[in-house]
Amino acid sequence: MELLQLRYFLEVAESEHVTHSAQKLRVSQPSLTQAISRLERELGVQLFEPEGRGIRLTEAGRFYSKRIAKAVGEIDSATSELARFDEERSSIVRINVVSASNIVVDAVAEWRTQHPAAKFQIVSSETTSKIEPCDIEVRMQTGKTPEAKGARLFKERIMLAVPATNGDETEEPDAGFRDNPEKGERPRGEERDIAASDALANGRGEAISLAQVQNSGFIMLAGSRNISNLCLSQCAKLGFRPTIAFESDNPSVVRKMIGLGLGVGFWPEHSWGELGAGARLAPILEPGFVRTIEVARTRHGGSNEQADKFYSFLLQRFEARWNI
């Protein structure tokens, strides 16, 4: 049984005249008659009976036409709604943001000022199988997932952010400086922190060894965040274990606290933007503190012209941040 057969049946049921229905449907009369006969054979009942030179519905035909009219109407309605749904869906740009969220959010805000009708759906999931297919994905490469075909890669150093101090206020220890707090001398841990902060405050941009901040309190992202996993894993390889003074699963909170100079933290050179006035950035002397951001236009969500346009715009914003 085919939908076309049912449409033919409903038309003939309404007109009760095969010739008129054939003309309206733009099919030959024999073809229409054959379609009705085939439907009757499949159903095992007679739907029409002769009446003079025409035909009329049988009792079974009247019952069937009422039920089928509702079903075909639902199909037609669903088809129209599906077209509207697909049109609306194709106007929404779906983005899975696992890394560099501030760049993406700023780009979305800027795009919407230029295109007020633009619609976005932003999620954050490292496991794409658990979310609806997205048009764009922004993530840190970890080796756990294959690189997306055609993705743009942005490599950056992970810097060390330390509280800024006024170089004029930093006192040099006396020649006889020793670890003796009772004589008013600074302990070695404090000396290292001052050395790190002083180098930055003087604008020399000198690399800092993790040993210089081993007694400092670190501000870290909590949970299984890729950036934290990378930094902690690299520290472990170097035999360094940061003392965590504060951690949060909210990247914005962590960036804010580090920027205010409330502790020491790892800070991606480009993707996290500028620090606040309370902290300074310096390269890490030890190797391995680097990551790669992958920005991909996926095709899991199907064709989406708006996503294509925004993807190009987003890449421009990444290039600007990386000074490419």
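Scroll up for the structure.
Cut-offs used in this document
Residues numbered from 1 in each chain as written. Predicted model: local features only at pLDDT ≥ 70, side-chain atom pairs only at ≥ 80, totals over all residues. Heavy atoms only, no water. Disulfide = S-S within 2.5 Å. Core = buried A, V, L, I, M, F, W, Y, C linked by side-chain atoms within 4.5 Å. Buried < 20%, exposed > 50% of the residue type's maximum accessible area, 1.4 Å probe, protein only. Contact = heavy atoms within 4.5 Å. Helix = DSSP H or I, 4+ residues; strand = E, 2+ residues; numbered from the N terminus. Pairing = 2+ DSSP bridges. Phe/Tyr/Trp six-rings, centres within 6.5 Å; stacked < 30°, edge-to-face > 60°. Lys NZ or Arg CZ within 6 Å of the ring centre and 35° of its normal.

**What to know about the state of the cysteines**
Scanning the entire structure with this criterion turns up zero disulfides. The cysteine Cys235 is free of any disulfide, with Cys231 supplying the nearest cysteine sulfur at 6.6 Å.

**Let's talk about the nonpolar core**
Within the largest apolar cluster, 27 residues are counted, with the highest numbers of intra-cluster contacts made by Leu160, Leu210, Phe218, Ile258, Phe266 and Phe289. Setting aside anything within four residues of it in sequence, one finds Phe218 in contact with Leu160, Val213, Phe240, Pro242, Thr243, Ile244, Ala245, Phe246, Val264, Gly265 and Phe266. Membership of the second largest hydrophobic core comes to 25 residues, among which are Val93, Ile103, Val104 and Phe310.

**Looking at helix α8 (residues 251-259)**
Because an α-helix packs 3.6 residues into every turn, residues spaced three or four apart end up facing the same way. Within the sequence span of α8, burial applies to Pro251, Val254, Arg255, Met257, Ile258 and Gly259. Buried residues belonging to α8 abut α5 (101-114), β6 (152-163), β7 (217-221), β8 (243-248), β9 (265-268) and β10 (279-282). Phi turns positive, to about 80 degrees, at Gly261, one or two residues after α8.

**Overview of the pairing of strand β11 (residues 290-297)**
Burial within β11 is extensive, with seven of its eight residues counted as buried. One ladder, built from five bridges, connects strand β5 (residues 136-140) with β11; its direction is antiparallel. Bridge pairing links Glu137 to Ala296 in β11. Bridge count for β6 against β11 is six bridges, and the pairing is antiparallel. Each bridged residue has a counterpart across the sheet, and for Arg152 the counterpart in β11 is Val295.

**As for the packing of aromatic side chains**
Going through the model one piece at a time under the given rule, you end up with 13 aromatic pairs. Ring-pair connections join several aromatic residues into one group, and the members of that group are Trp111, Phe120, Phe310 and Phe313. The residue whose ring lies beneath Arg255 is Trp272, and the NZ or CZ to ring-centre distance is 5.6 Å.

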